[in-house]
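# Structural characterization, general
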Amino acid sequence: MDFTKTYEWFSSRHQSAILPRMAKTHLIAFLHRVIVLSVLALGVGLAQTVRADAPMFQSSGGIALGGVDAVSYFTEGAPRLGSPAHSVMWKGAVWQFASRSNRERFEANPWAYAPQYGGYCAYGVSRGKTVKADPTVWELRDGKLYLIRDRTVRVLWENELPENIRAADAAWPAVLINE
């Protein structure tokens, strides 16, 4: 690219401050680097935009966890069906709760109650895939909610639990792009 016109424009506005210290060739090389780096930064920004389009939480018809109250796993030790009367929109999905108090708990700290790996099957994520999970097949471990595809897969998940959690943590959220 020819930066001569850019140099002329730049030098007409900034002669006293920069030009005494920079020769014409250095300035042209500098401007070339700035443009190249700007284009590269734009490319990185576009790549992150594509990543942001992937659904972070698995939902059926826009309803997270198939309408199950995410807080109930922690407070009641079991999944309980939520109600549209106690719902909130979060991360592109509608989350339903069995009570107003559960909705308020979730709103105060949604990451504490949301399932790991966007509600996809934890074992599937550990294998680099996004697989729909069954909200009635779950596990609480170290204060985190993991959903599993079915009872058979749950056995596989539990057989090597620490390794599976490490593998799923490493795969998430890149697995959303690979699907």
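Structure's up top.
Residues numbered from 1 in each chain as written. Predicted model: local features only at pLDDT ≥ 70, side-chain atom pairs only at ≥ 80, totals over all residues. Heavy atoms only, no water.

Further remarks concern the pattern of salt bridges. Once their charged atoms are close, side chains differing in charge can pair, the charge on each being opposite to the other. Counted under the stated rule, the structure contains 6 salt bridges. Between R100 and E104 there is a salt bridge, with the nearest N and O atoms lying 3.4 Å from each other. Taken together, the residues R100 and E104, both in helix α4 (residues 100-108) and 4 residues apart, mark about one turn of the helix. Judged by its relative accessible area of 53%, R100 is exposed. Of the charged contacts, one joins E139 and R141 as a salt bridge, the two residues approaching to 2.5 Å between their closest N and O atoms. (Salt bridge = Lys/Arg side-chain N within 4 Å of Asp/Glu carboxyl O. Helix = DSSP H or I, 4+ residues; strand = E, 2+ residues; numbered from the N terminus. Buried < 20%, exposed > 50% of the residue type's maximum accessible area, 1.4 Å probe, protein only.)

Those residues of α4 lying buried are N102, R103 and F106. Take α4 and look down its axis: the buried residues cluster within an arc of 100 degrees, on one side only. For α4, exposure combined with an orientation more than 90 degrees from the buried face picks out R100 and A108. Residues of α4 that are buried in the fold lie against β3 (68-69), α3 (72-75), β5 (83-90), β6 (93-97) and α5 (110-113). (Arc of directions from axis to C-beta. Contact = heavy atoms within 4.5 Å.)

Time to look at the environment of S72. Among the secondary structure elements, S72 is positioned in helix α3. With relative accessibility at 0%, the residue S72 sits in the buried group. Distance from S72 to G82, taken between C-alpha atoms, is 9.0 Å for residues 10 residues apart in sequence. Contacts of S72, omitting those with residues within four sequence positions, involve G77, A78, P79, R80 and N102. In terms of polar contacts, S72 uses its side chain to reach the backbone carbonyl oxygen of D69, at 2.6 Å. (Polar contact = N/O pair within 3.5 Å; in protein donor to acceptor, adjacent residues only side chain to side chain.)

On to the side chain of R103. Among the structural elements, R103 can be located in helix α4. Given a relative accessible area of 18%, R103 falls into the buried group. Here R103 is in contact with A85, H86, S87, V88 and F97, once residues within four sequence places are set aside.

Let's shift gears to helix α8 (residues 161-171). Buried within α8 we find L161, N164, I165, A168 and A171. Projected down its long axis, α8 shows its buried positions confined to an angular sector of 130 degrees, all on one face. Turned more than 90 degrees away from the buried face of α8, the exposed residues are R166 and A170.

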